[in-house]
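For reference, the chains in residue letters:
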Amino acid sequence: MLRKVKTVYGWGIALLLVSSLTACQKDPEIVTLSGKTMGTTYHIKYITAEASQSAADTHEGVEKILKDVNDKMSTYIPTSELSRFNQNRAVNTPIEISADLAKVIGEAIRLNKVTQGALDVTVGPLVNLWGFGPEKRVEKAPTQQQLDERRAWVGIEKLKLSESAGKFYLEKAVPELYVDLSSIAKGFGVDQVADYLESLHVGNYMVEIGGEIRAKGNNSENKPWQIAIEKPTTDGSRSVEQVVGLHNLAMATSGDYRIYFEENGVRYSHEINPQTGRPIQHHLASITVLDPSSMTADGLSTGLFVLGEDEALKVAEQQQLAVYLIIKTESGFEVKMSSAFKQLINP
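Thresholds, definitions, all that
- Residues numbered from 1 in each chain as written.
- Predicted model: local features only at pLDDT ≥ 70, side-chain atom pairs only at ≥ 80, totals over all residues.
- Heavy atoms only, no water.
- UniProt positions renumbered as here; feature names shortened; annotations may be inferred.
- Helix = DSSP H or I, 4+ residues; strand = E, 2+ residues; numbered from the N terminus.
- Contact = heavy atoms within 4.5 Å.
- Phe/Tyr/Trp six-rings, centres within 6.5 Å; stacked < 30°, edge-to-face > 60°.
- Lys NZ or Arg CZ within 6 Å of the ring centre and 35° of its normal.
- Axes fitted to C-alpha atoms, helices over the stretch in contact; angles between N-to-C directions.
- Parallel < 35°, antiparallel > 145°, perpendicular 65-115°, else oblique.
- Left-handed = near helix turned anticlockwise from the far one by under 90°.
- Nonpolar A, V, L, I, M, F, W, Y, C, P; charged D, E, K, R; others polar.
- Salt bridge = Lys/Arg side-chain N within 4 Å of Asp/Glu carboxyl O.
- Buried < 20%, exposed > 50% of the residue type's maximum accessible area, 1.4 Å probe, protein only.

An unreviewed UniProt entry annotates the chain as FAD:protein FMN transferase of Avibacterium volantium. Of the comments in the UniProt record for the chain, the one headed Subcellular location (unreviewed entry) reads "Cell inner membrane". Under the UniProt heading Function (unreviewed entry), the note attached to the chain is "Flavin transferase that catalyzes the transfer of the FMN moiety of FAD and its covalent binding to the hydroxyl group of a threonine residue in a target flavoprotein."

Draft legend 1. Highlighting the environment of Leu119. By secondary structure assignment, the location of Leu119 is in the loop between helix 3 (99–114) and helix 4 (124–129). Put simply, Leu119 and Leu300 are 181 residues apart on the chain and 7.5 Å apart in space, counted from C-alpha to C-alpha. Other than its neighbours up to four places away in sequence, Leu119 contacts Ala108, Leu111, Asn112, Ser183, Gly299, Thr302 and Gly303.

Draft legend 2. Representation of the packing of aromatic side chains within the structure. Across all of its chains, the model carries one aromatic pair by this definition. Across the ring face of Phe85, the terminal group of Lys172 is positioned such that the distance to the ring centre comes to 4.8 Å.

Draft legend 3. Structural view of the packing of helix 6 (residues 185–199) against helix 7 (residues 294–307). Here helix 6 crosses helix 7 at 165°, and the two axes come no closer than 7 Å. In terms of orientation, helix 6 and helix 7 fall into the roughly antiparallel class. Considering how the two elements wind past one another, helix 6 and helix 7 form a crossing that is right-handed. For the pair helix 6 and helix 7, contact is made by Ala185, Lys186, Gly187, Phe188, Val190 and Asp191 and by Ser294, Met295 and Asp298, respectively. Across the contact of helix 6 with helix 7, the residue classes tally to four nonpolar, two polar and three charged.

Draft legend 4. Fine view of the pattern of salt bridges. Evaluated as defined, the whole model comprises twelve salt bridges. The salt bridge involving Lys72 is made with Asp100; its shortest N-O contact spans 2.8 Å. Residue Lys72 is located in helix 1 (residues 55–73), and its partner Asp100 is located in helix 3; the two are separated by 28 residues in the primary sequence. Here Glu198 ties to Lys216 by a salt bridge, and the two come within 3.6 Å at their closest N and O atoms. Of this pair, Glu198 sits in helix 6 while Lys216 sits in strand 8 (residues 212–216); the two residues are 18 residues apart in sequence, bridging distant segments of the chain. Exposure remark for Glu198: the relative accessible area of 28% places this residue in the partly exposed category. Here the salt bridges do not stand alone but share partners, grouping Asp191, Asp195, Glu198, Arg214 and Lys216 into one network.

Listed below in structure tokens is the structure:
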């Protein structure tokens, strides 16, 4: 299974779907497909009148696509393409990789720069050390010696992606380098499924995998897909903070209020700052990003969340990114939006 750093490793920081899912008439109707993938679940809804094949055939195609993503990018499958690269300890030795894996790693490298190094797909050894990855869970913080050892394995500059004669190659500068795409590959999976639906001439759909969403067209009420941003809580309850009419856009959210462990009264988040090697310490409860690409929104939400509320909003304004922030305060929660987000919800 492919699981993800940014959303709980069960990817449970769910965005609540509040769209109308029942057609008002017999034709067209809404088809609903669902299943399990990447350590979480997926849900797809689309209007049948547009589809060029049966729902059963479409579902089979979706399953094949998601299996292929897992087989290439999972850190939980020992034989996946990414796992084989991670297991290979040869340094400065180009290893041929698939175009899909190259695309995701290439975007991760680009977003590392956009987020000032906060999104770093080589941070896996530190994530594992803190007990939020494939290694066993921990009940206490690692020692400084353990942190220093693993920090020497981490850094996007230790990963090199290259292309030659239409083929892609990946190499590492240290044998322990470990790439974890859980902060971006789920979004790539959403994009793959969405593109598949479009190849079947579906013009109105909503694809969701573990809270990452991409939607096109309108729902059965001829309105943009109504998606709710979840209000942060610490008691496990769920409620709506903001509803967004998602039209030809993707949405991704990151937060730290569900998955953590405590030691001596100190709370350790599952979000790791690659610069310090430690869980983030700021007041940003969650951040939601809108972008045409689910892969991009996915990666940005992780990186911007690690930056914290002030730097995230600063980067969002500089890069014209549509972000929605929920910030913890002494009296509750405060909401902030970037200019681009305001323009999207209030055109």
